[in-house]
Protein chains: 2
Amino acid sequence: MNPQALVFDAYGTLYDVHAVIRRCDEFWPGKGAAISQLWRQKQLEYTWQRSLMRRYVPFSQITREALAYACEALKLALDDARTQALMQEYLKLAAYPDVPGALPRFGERQLAILTNGSPDMIEPLVKHSGLKFDAVLSVDAVKMFKPVPDVYQLAVDRLGVAKDAIGFVSSNCWDALGAKSFGFRVYWINRTGAPVDRLGFQPDGLLGSLGDLPEVLR
Amino acid sequence: MNPQALVFDAYGTLYDVHAVIRRCDEFWPGKGAAISQLWRQKQLEYTWQRSLMRRYVPFSQITREALAYACEALKLALDDARTQALMQEYLKLAAYPDVPGALPRFGERQLAILTNGSPDMIEPLVKHSGLKFDAVLSVDAVKMFKPVPDVYQLAVDRLGVAKDAIGFVSSNCWDALGAKSFGFRVYWINRTGAPVDRLGFQPDGLLGSLGDLPEVLR
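Residues numbered from 1 in each chain as written. Chains lettered and ligands numbered in written order. Predicted model: local features only at pLDDT ≥ 70, side-chain atom pairs only at ≥ 80, totals over all residues. Heavy atoms only, no water.

Explain helix α7 (residues 149-159) of chain A here, please?
Side chains of residues three or four places apart in an α-helix project in the same direction, reflecting 3.6 residues per turn. Looking only at α7(A), the buried set comprises Pro149(A), Val151(A), Tyr152(A), Leu154(A), Ala155(A), Val156(A) and Leu159(A). The elements touched by buried residues of α7(A) are β1 (5-8), β2 (110-115), β3 (135-138), β4 (166-170) and α8 (173-182) of chain A together with α2 (32-53) of chain B. Following α7(A) by one or two positions, Gly160(A) has its phi on the positive side, about 65°. (Buried < 20%, exposed > 50% of the residue type's maximum accessible area, 1.4 Å probe, protein only. Helix = DSSP H or I, 4+ residues; strand = E, 2+ residues; numbered from the N terminus. Contact = heavy atoms within 4.5 Å.)

So what exactly am I meant to see when it comes to the layout of surface pockets here?
Taking a probe equal in size to a water molecule and rolling it over the atoms shows the remaining empty space. The space that makes up the second largest pocket amounts to roughly 240 Å³. Considering the residues around the second largest pocket, the lining is formed by 15 residues, among which Ser51(A), Leu52(A), Arg54(A), Met144(A) and Leu52(B) are closest to the centre. Mapped onto the lining of the second largest pocket, the elements with two or more residues apiece are α2 (32-53) of chain A together with α2 of chain B. The leading source of residues in the lining of the second largest pocket is α2(A), at 3 residues. (1 Å grid on protein atoms, 1.4 Å probe; cavity = no way out; pocket = protein on both sides within 12 Å on 5 of 7 lines; lining within 4 Å. Points joined across faces, edges and corners; volume = space filled by probe spheres on them.)

Sorry, what's going on with the packing of helix α3 (residues 59-73) of chain B against helix α4 (residues 80-89) of chain B here?
Helix packing geometry: the angle between the two helix axes and the distance between the axes. Residues and elements named next belong to chain B. Close contact between α3 and α4 brings their axes to 11 Å; oriented N to C, the two are set at 130°. With respect to each other, α3 and α4 are oriented oblique. You can see that α3 and α4 cross each other, and the crossing is right-handed. Counting all contacts with α3, which are made through Ser60, Thr63, Arg64 and Leu67, the residues of α4 involved are Thr83, Leu86 and Met87. Residue classes in the contact of α3 with α4 are distributed as 3 nonpolar, 3 polar and 1 charged. (Axes fitted to C-alpha atoms, helices over the stretch in contact; angles between N-to-C directions. Parallel < 35°, antiparallel > 145°, perpendicular 65-115°, else oblique. Left-handed = near helix turned anticlockwise from the far one by under 90°. Nonpolar A, V, L, I, M, F, W, Y, C, P; charged D, E, K, R; others polar.)

Would you take a moment to explain unusual backbone geometry for this structure?
The general pattern is negative phi for most residues beyond glycine and trans for most peptide bonds. Residues and elements named next belong to chain A. Of note, the amide linkage connecting Lys146 to Pro147 takes the cis form, showing an omega dihedral of 0°. Looking at the secondary structure, you find Pro147 in the loop between β3 and α7. Even without being glycine, Lys75 reaches a positive phi, approximately 60°. Non-glycine residue Lys143 carries a positive phi angle of around 60°. Of note, Lys143 is situated in the loop between β3 and α7.

What am I meant to see in the interface of chain B and chain A here?
One widely used convention gives an interface's size as the accessible area the parts lose upon coming together. Contact with chain B, which involves 34 residues of that partner, is made by 34 residues of chain A. In total, chain B and chain A occlude about 3200 Å² of area from one another, counting both sides; carbon and sulfur atoms represent 59% of this. Between Asp197(B) and Lys42(A) there is a salt bridge; the shortest N-O distance is 2.8 Å. Inspection of the chain B/chain A interface yields 16 residue pairs in polar contact (both at pLDDT 80 or more). Among the secondary structure elements, those contributing two or more residues to the side of chain B that touches chain A are α2, α3, α7 (149-159) and α8 (173-182) of chain B. Tallying contributions element by element places α2(B) first for the side of chain B that touches chain A, with 10 residues. A breakdown of the residues in the side of chain B that touches chain A according to their chemical character gives 17 nonpolar, 6 polar and 11 charged. (Buried area = accessible area lost by both parts, 1.4 Å probe. Salt bridge = Lys/Arg side-chain N within 4 Å of Asp/Glu carboxyl O. Polar contact = N/O pair within 3.5 Å; in protein donor to acceptor, adjacent residues only side chain to side chain.)

When you look at the sheet that holds β2(A) in this model, what are you seeing that I'm missing?
Whenever strands of a sheet pair, they do so through backbone hydrogen bonds, lying parallel or antiparallel. Residues and elements named next belong to chain A. Taken in spatial order, the 6 strands make up an open sheet running β3-β2-β1-β4-β5-β6, and their pairing is parallel. Of all strands in the sheet, those bounded by a partner on one side alone are β3 and β6 (205-207). Within the sheet, the average angular offset between the axes of one strand and its neighbour, ignoring direction, is 25°. In terms of strand pairing, β4 meets strand β5 (residues 185-189) through 4 bridges, oriented parallel. Pairing of Phe168 across the sheet is with Val186, part of β5. Sheet strands in contact with α7 are β1, β2, β3 and β4, and its direction is about 150° off that of β2. (Pairing = 2+ DSSP bridges.)

When you look at the confidence of the model for chain A in this model, what are you seeing that I'm missing?
Predicted coordinates in areas of low pLDDT are best not read in detail. Chain-level pLDDT for chain A is 97 on average; 100% of the residues reach the 70-or-more range. Two summary scores accompany this predicted model of the complex, namely pTM at 0.98 and ipTM at 0.97. (pLDDT = per-residue confidence, 0-100.)

What is the right way to look at the side chain of Thr47(A) in this model?
Residues and elements named next belong to chain A. Its place among the elements puts Thr47 in helix α2. When its relative accessible area of 0% is taken as the criterion, Thr47 is described as buried. Of the polar contacts made by the side chain of Thr47, one reaches the backbone oxygen of Leu44; its length is 2.5 Å.

Before we go on, may I ask you to explain the sheet that holds strand β4 (residues 166-170) of chain B in this structure?
Residue and element names in this part refer to chain B. Strand order in the open sheet formed by 6 strands is β3-β2-β1-β4-β5-β6, with parallel pairing between adjacent strands. Each having just a single partner strand, β3 (135-138) and β6 (205-207) make up the two edges of the open sheet. Pairwise comparison of adjacent strand axes, ignoring direction, gives a mean angle of 25° for this sheet. Sheet topology note: the strand β1 (residues 5-8)/β4 ladder contains 4 bridges and is parallel. Each residue of the ladder has a partner; that of Val7, found in β4, is Phe168. Each of β1, β2 (110-115), β3 and β4 touches α7; the most contacted strand, β2, lies at about 150° to it.

Have a look at this one:
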């Protein structure tokens, strides 16, 4: 079925979390890429672990805590001013270059974001980017992170569209497969040529760029 | 309260998962450490992601699938024979050097393992190692992985000891903190000098070696 609504992951799919590297490099010369990688890894791990522990906190807190871990692990000094500055970077992450041109090409479909990001992070980010969506949905409404099925159900409930009529778009393979397990039609945007995660599902579509998706959905 | 029973994590705490490096290096010279690291990382991620997706499969399947991912990501050829050989290595992982001497020094306490490992993996491993436990408990009984509270509850139910009288021992910080969140008294064996994970809890004890724990519990 050709999807009536498209639901996009935000971090890593529309917005480049590694856009923080430059600012990290200013603070810790030559360490930007290592910080960014470990920061992102821990950020994701904490979402999974806290969901399983049933100890949800907003993504903004998780992001700050993951940064603190990453700097301690890499033995880099982090103070409140640097934390603040880097958290500010998260509110103006660059969109991937293939994103702004693709969005207007999806026709009359509803376009929504479904994100781990808490409202205090995602709303300023979307506004800053200038990208337009019909809805911006945060897991904060269900107090659990992806890939819990309740998170994907949120899009069904809020958009009023059956799950098999929703196309879900993510560059995070585990998120794409979590959405597939839930019952969405799923498009994995694999910009880096990563292997498919072994989680018992396959994406319906595998694309190298978001720019290829409008054509697929014609 | 001085614990009446001690419950140990297995992989990474009693048994060294990176003991597979040597065999990996035989198959893919110079790549053993990289394979082992990514294999372990993906193995853990799949336990978290599948628990959240509510798509449990036994740890043996997860371990095989994580190996397949790691080899594809590193562009290394993996066939059935190598998969079999490496899965066999998991049945005879070396115990850490501080483990065999420490276990007899815990006195009359019940000693148990609580592991993500499925019975087909953990039972041959414990037998091969010669280490003795009163109980070997697998998450397979509850079909969810750590750090879900139901997993830690399994130890309470099976050992017949109240949770505040159980000392839980893990080298995996997130596992230690998941157990702390559940209500155990927790000892984190930090052999590598890693930072404490930011998950809202602190271990009750932080030790560099399992050999230091008997003295702490006097």
